[in-house]
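If you want the building blocks of each chain, they are given just below.
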Amino acid sequence: MEFIVSNKKYSILNHELYINYLMVNEYFREHSKYDYDITFDFLNPLLEKDRIDFDDILEGTRDLEVLIEKEEINFIPAGLRIDEHLNDNFRISYQTLEFKNVNVGEAVPLLIALTSLLNHKPIVSLYQIEEELNHFLEKFRTYVED
């Protein structure tokens with residue numbers, strides 16, 4: 001999948017995007033600071049399996065590709081800005097929110113989490129979104145220690 005933000009073209013392999021959705025789904029199920037009812041229905045067939053193999057990931061990726069093609073899934077909120085630091089990390093900004101030194105592996109999961117919180121009903125305040133996403137990055141950066 002390719003997308004343009006701040007006049008710059010980015011790309012991610014669709015199976016990587018699918019795995020990012022799995023990670024964000026797990027975060028909201030088990031590790032979020034507050035309780036949200038955020039799930040991604042297209043992940044359910046995989047999550048219901050007792051054993052997962054690579055073919056299951058490929059099948060889920062194909063389902064995700066269909067949703068992208070139908071424009072039923074989008075993780076880039078309007079008004080998002082991404083700037084690249086000299087160290088190749090990113091500053092991600094949305095309205096008054098700003099996340100600095102986000103590395104490449106954190107950027108897409110952060111965008112998925114941001115978009116999920118922005119679309120959540122009832123509405124989540126920008127202050128709470130910032131608090132949650134800082135917690136998300138902290139958890140993401142320390143997952144190896146858990």
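Residues numbered from 1 in each chain as written. Predicted model: local features only at pLDDT ≥ 70, side-chain atom pairs only at ≥ 80, totals over all residues. Heavy atoms only, no water.

Peer 1: How should I be thinking about the pairing of strand E1 (residues 2-5) in this particular structure?
Peer 2: Taken residue by residue, a regular strand's side chains alternate between the two faces of the sheet. Going residue by residue along E1, you find Phe3 and Val5 tucked away on one face and Glu2 and Ile4 left uncovered on the opposite face. Where E1 and strand E2 (residues 8-11) come together, four bridges link them in antiparallel fashion. Looking across to E2, one finds that Glu2 is bridged to Ser11. Turn length for the E1-E2 hairpin, with the two strands adjacent in sequence and antiparallel, is two residues, and the turn residue Ser6 shows positive phi of about 55 degrees. (Buried < 20%, exposed > 50% of the residue type's maximum accessible area, 1.4 Å probe, protein only. Helix = DSSP H or I, 4+ residues; strand = E, 2+ residues; numbered from the N terminus. Pairing = 2+ DSSP bridges.)

Peer 1: How should the nonpolar core be read in this particular structure?
Peer 2: Nonpolar side chains in soluble globular proteins tend to be buried together. In this structure, Leu17, Tyr21, Phe42, Phe75, Leu80 and Ile92 are the most contacted members of the largest nonpolar core, which totals 46 residues. Elements with a minimum of two residues in this core: E1, helix H1 (14-30), helix H3 (54-69), strand E3 (80-84), strand E4 (90-94), strand E5 (97-102), helix H4 (104-119) and helix H5 (126-141). Looking at this core element by element, the count peaks at eight residues for H4. The contact partners of Ile92, leaving out residues within four places of it in the chain, are Leu80, Arg81, Ile82, Leu97, Glu98, Phe99, Val102, Ala107, Leu110 and Leu111. (Core = buried A, V, L, I, M, F, W, Y, C linked by side-chain atoms within 4.5 Å. Contact = heavy atoms within 4.5 Å.)

Peer 1: Got a minute to help me understand the packing of H4 against H5 in this structure?
Peer 2: Describing two packed helices takes the angle between their axes plus the distance from one axis to the other. Running from N to C, H4 and H5 cross one another at 150 degrees; their axes reach a closest spacing of 10 Å. The angle between the axes of H4 and H5 places the two elements in the roughly antiparallel class. Between H4 and H5 the crossing geometry is right-handed. Side by side, H4 and H5 meet where Gly105, Glu106, Pro109, Leu110, Ala113, Leu114, Leu117 and Leu118 of the first sit next to Leu126, Ile129, Glu132, Leu133, Phe136, Leu137, Phe140 and Arg141 of the second. Classifying every residue of the contact of H4 with H5 by side-chain character gives 12 nonpolar, one polar and three charged. (Axes fitted to C-alpha atoms, helices over the stretch in contact; angles between N-to-C directions. Parallel < 35°, antiparallel > 145°, perpendicular 65-115°, else oblique. Left-handed = near helix turned anticlockwise from the far one by under 90°. Nonpolar A, V, L, I, M, F, W, Y, C, P; charged D, E, K, R; others polar.)

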